[in-house]
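Reading the structure
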Amino acid sequence: DSFFTLGGDSIMSMQLAARARRAGLEITPQDVFECETPAQLAVRAAAGGTVSGPDTGTAELPLTPAMQAVLDRASTADVLHRFAQWTVLSVPAGLDETALAGALGALAGLHPMLRAQLRPGGTLVVGGPEPATAAGWLHRAAAPGLSGPDLDQVVAAETTAACRRLDPAAGVMAQAVWVDAGPDQPGRLVLAAHHLAVDTMSWRNLLPDLEAAYTDLAAGRDPGLLPEGTSFRRWMQTLAGQAADPARLAELDQWLALLAPGEPMLGARPLDPAIDTAASMRQAAFSVPAEHTATLVTEIPAAFHCGVHEVLLASLAAAVGQWRAQRGLGDGPVLLDVEGHGRQPLTAGMDLSRAVGCFTGSHPIRLDPGPAGYA
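Definitions and cut-offs
- Residues numbered from 1 in each chain as written.
- Predicted model: local features only at pLDDT ≥ 70, side-chain atom pairs only at ≥ 80, totals over all residues.
- Heavy atoms only, no water.
- 1 Å grid on protein atoms, 1.4 Å probe; cavity = no way out; pocket = protein on both sides within 12 Å on 5 of 7 lines; lining within 4 Å.
- Points joined across faces, edges and corners; volume = space filled by probe spheres on them.
- Helix = DSSP H or I, 4+ residues; strand = E, 2+ residues; numbered from the N terminus.
- Nonpolar A, V, L, I, M, F, W, Y, C, P; charged D, E, K, R; others polar.
- Axes fitted to C-alpha atoms, helices over the stretch in contact; angles between N-to-C directions.
- Parallel < 35°, antiparallel > 145°, perpendicular 65-115°, else oblique.
- Left-handed = near helix turned anticlockwise from the far one by under 90°.
- Contact = heavy atoms within 4.5 Å.
- Buried < 20%, exposed > 50% of the residue type's maximum accessible area, 1.4 Å probe, protein only.
- Expected span 1.5 Å × (residues − 1).

Some points on empty space enclosed by the protein
Scanning all chains against the criterion turns up two cavities of 30 Å³ or more. The computed volume of the largest cavity comes to approximately 110 Å³. Forming the boundary of the largest cavity are 13 residues, of which L107, A174, L191, W203 and L206 lie nearest the centre. When residues of the lining of the largest cavity are traced back to their parent elements, those giving at least two are α6 (97–110), β6 (174–180), β7 (187–194) and α8 (200–218). Split by residue class, the lining of the largest cavity holds 12 nonpolar, one polar and no charged. In terms of lining, the second largest cavity is formed by G321, R324, G330, D331, G332, P369 and G370. Across the lining of the second largest cavity, the residue classes tally to one nonpolar, four polar and two charged.

Things to note about the packing of helix α1 (residues 10–22) against α8
Between α1 and α8, the shortest axis-to-axis distance is 10 Å and the interhelical angle comes to 25°. As summarised for this structure, α1 and α8 are arranged roughly parallel, according to the angle between their axes. Like other packed secondary-structure pairs, α1 and α8 cross with a definite hand, here right-handed. Counted together, I11, M14, Q15, A18 and R22 of α1 and M201, R204, N205, P208 and D209 of α8 form the full contact between these two elements. A class-by-class count of the residues in the contact of α1 with α8 yields five nonpolar, two polar and three charged.

Describing unusual backbone geometry
Not every positive phi belongs to a glycine, and H305 is a case in point at roughly 55°. Looking at the element boundaries, H305 is found in the loop between α12 (290–304) and α13 (308–326). Judged by its relative accessible area of 74%, H305 is exposed.

Quick look at the layout of surface pockets
A volume near 380 Å³ is recorded for the second largest pocket. The wall of the second largest pocket is formed by 18 residues, among which M265, L266, G267, R269 and L271 lie closest to the centre. Where the lining of the second largest pocket is concerned, the elements lending two or more residues are α13 and β8 (334–340). Per-element accounting of the lining of the second largest pocket gives the leading share, five residues, to α13.

Quick notes on α8
Taking 1.5 Å as the rise per residue, α8 with 19 residues should run 27 Å; its terminal C-alpha atoms sit 28 Å apart, in good agreement. Among the residues of α8, M201, S202, W203, N205, L206, D209, L210, A213, Y214 and D216 are the ones counted as buried. Where α8 is buried, its residues contact α1, β2 (84–91), α6 and β7. Of the residues trailing α8, G220 is marked for its positive phi of about 85°.

Written as structure tokens, this is what we have:
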């Protein structure tokens with residue numbers, strides 16, 4: 001069966017490549033796209049592959065457009081500190097704190113973006129302080145005997161405190177808090193990282209690596225973590241080089257034309273940066289029945305030779321078209337800003353499935369749903 005016909009996508013292809021590497025099979029996400037079935041992938045994996053060596057030394061990198069957008073929106077240092085991602089894990093009672101600190105150090109040594117530092121003027125220094133500094137990330141919060149809502153309240157407070165300790169300018173890109181509920185009660189582990197150092201996909205590597213390193217250290221073994229493959233540093237250096245290429249610069253007029261104004265607003269007024277913030281945003285959640293979800297992620301993409309993202313974007317454009325027609329705003333294209341994981345291989349042989357960094361990217365897209373006279 002085809003990986004994509006079954007509902008696979010680009011993010012899942014990276015997960016597949018990362019898990020295959022842990023099992024000793026060398027395949028890349030690009031291999032998954034080119035060899036969709038297990039039989040074809042087996043042939044490609046049997047041919048072997050090459051893994052990039054680790055990056056050494058210190059490098060000063062320009063910020064990606066997404067990173068620069070973060071700085072542009074952060075009006076104060078406090079806002080920048082809180083631009084973080086975090087997760088909370090359940091950990092067993094009697095956690096080995098020494099092994100945990102060592103595992104965090106192993107993560108810092110393997111993934112240099114966790115030790116990056118933001119410099120004035122908008123550059124990022126990668127490969128800085130020694131991994132041993134990761135010992136300073138770990139804090140312990142005593143919560144003996146607590147469980148349920150009481151433990152959740154402590155975790156929430158420690159998560160907020162961990163995010164506030166993040167300081168990209170000082171090279172503090174990650175924090176960890178062991179909420180110790182006592183020797184007989186499972187505790188929690190709060191992991192927070194600044195968004196300049198990680199993206200959502202990074203956590204799919206960080207958490208298995210942390211578990212593997214802790215397991216090895218608790219058993220008295222050295223951590224046997226796999227290398228990153230192509231690092232964020234190497235990817236960013238390639239991206240910066242391509243950004244100055246004349247062929248890329250020649251695309252500028254097309255992008256500017258795409259962004260040309262002229263379509264009606266979706267709201268009653270223009271956006272106000274002082275009011276329309278993340279804190280004032282509202283969300284609505286709806287559950288789609290399983291049979292409709294299966295059609296959405298498998299049958300429709302297969303019929304139109306596309307992915308689920310294209311189906312969702314087409315649906316959104318059609319919905320906006322109907323909304324405008326109901327209000328007498330007329331037909332016309334819909335301008336959207338599409339954000340993606342950004343982990344695109346820029347040269348042959350790049351494998352970003354194990355990399356940690358802020359690869360997130362966005363680009364405008366203009367979709368014309370056509371006349372809105374349909375049900």
